[in-house]
Amino acid sequence: VQSMLATADGTTRNAYPFGTALYREEGRKQQQAKQEKLVNRLETQARSDQSRSAANVRSTSDAQLIEVRRQAEMAAANQAITRLRQIKPTGRIAFGLDPQENRFAVLPQLKLENGDRLVIPAKPDFVNVFGAVNVESSPLWRKGNRVNDYLKKAGLSVDADEDNIFLLRIDGSVVSRDSGSWLSGGFGGT
């Protein structure tokens, strides 16, 4: 990777090392196979859960209520599986860089393969806020702003699941409440 960057006479001064992404076809194929395996396992589990639920019906009065619940659960499971099938793996290889690092010398020493794509973005000027918010928006990034600042600008909707808010970073990593990265200042202080 470093020799390719040297051949290209380096990067522009706007280049953002933390956002650097390497896309590899072999990685995409592996991701696709793992995704298909997961979808198949979830489908099998959903069918098994439905069969177990139907077998547990004890009386006629319970049967109607249980059937309505079973149908709702089956519809939700099918919807989730359909959404999962629509996700297209990219083959992105995560470098796991420190967001404060500004040198490309820290990129891992990887041999490139035919078809690899190395994408080096400019540092973004905005933060995308979307999901269960009042206004999906892209406010300007401001030094010192935290997650709470951006959530306040967008406003959480009444149906927002605050326990499951997550931060999707430009390097492709996900930081959630459970990841342990919220220690200083809690979730909103990140």
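Above this text you will find the structure in question.
If you're wondering where the values come from, they're calculated on a predicted model, not measured in any experiment. (Residues numbered from 1 in each chain as written. Predicted model: local features only at pLDDT ≥ 70, side-chain atom pairs only at ≥ 80, totals over all residues. Heavy atoms only, no water.)

This part covers the overall build of the chain. Within the chain one finds four helices and five strands. Its helices and strands in sequence order give the chain the pattern α-β-α-α-β-β-α-β-β, from N to C terminus. For the chain, whose C-alpha radius of gyration is 22 Å, the value lies well above the compact-globule estimate of 16 Å for 190 residues. If one aligns the C-alpha atoms of the chain with their principal axes, the spans along those axes are about 75 × 45 × 25 Å. (Helix = DSSP H or I, 4+ residues; strand = E, 2+ residues; numbered from the N terminus. Rg over C-alpha atoms; globule rule 2.2 N^0.38 Å.)

This part takes up unusual backbone geometry. Despite not being glycine, Asp9 has its phi angle at roughly 65°, a positive value. With respect to the helices, strands and loops of the structure, Asp9 is situated in the loop between helix H1 (2-7) and strand E1 (21-23). When its relative accessible area of 71% is taken as the criterion, Asp9 is described as exposed. (Buried < 20%, exposed > 50% of the residue type's maximum accessible area, 1.4 Å probe, protein only.)

This part takes up a nonpolar patch on the surface. A cluster of nonpolar side chains, contributed by Phe166, Leu168 and Val174, occupies part of the molecular surface with about 310 Å² of accessible area. Within the fold, Val174 resides in strand E5 (residues 174-176). (Patch = residues over 30% accessible without salt bridge, like charges linked within 9 Å, V, L, I, M, F, W, Y side chains within 5 Å. Areas by Shrake-Rupley, 256 points an atom, 1.4 Å probe, with all protein chains shown as cover. Salt bridge = Lys/Arg side-chain N within 4 Å of Asp/Glu carboxyl O.)

Here Glu101 shows up in the loop between strand E2 (92-93) and strand E3 (117-119). Among the polar contacts made by the side chain of Glu101, one reaches the side chain of Arg103 at a distance of 2.8 Å. The residues touching Glu101, leaving out its near neighbours within four places in the chain, are Pro17 and Val106. (Polar contact = N/O pair within 3.5 Å; in protein donor to acceptor, adjacent residues only side chain to side chain. Contact = heavy atoms within 4.5 Å.)

Within the fold, Asn164 resides in the loop between helix H4 (147-154) and strand E4 (166-168). Sequence-wise, Asn164 and Ser176 are twelve residues apart; in three dimensions their C-alpha atoms are separated by 7.3 Å. Side chain to side chain, Asn164 and Asp161 meet in a polar contact 2.5 Å long.

Once that is clear, we can look at a negative patch on the surface. There is a patch of like negative charges on the surface, built from Asp161, Glu162, Asp163 and Asp178. With respect to the element layout, Asp161 can be found in the loop between H4 and E4. The partly exposed category is assigned to Asp161, whose relative accessible area is 43%. (Lys, Arg positive; Asp, Glu negative; His and termini not counted. Charge placed at Lys NZ, Arg CZ, Asp CG, Glu CD.)

As for its placement among the helices and strands, Thr20 is situated in the loop between H1 and E1. Owing to a relative accessible area of 3%, Thr20 belongs among the buried residues under this scheme. A distance of 2.9 Å separates a polar side-chain atom of Thr20 from the backbone oxygen of Pro17. Setting aside its immediate chain neighbours within four residues, Thr20 contacts Arg92, Phe95, Phe104, Leu107, Leu118, Val119, Ile120 and Pro121.

Function cannot be inferred from these measures alone, as they are strictly geometric.
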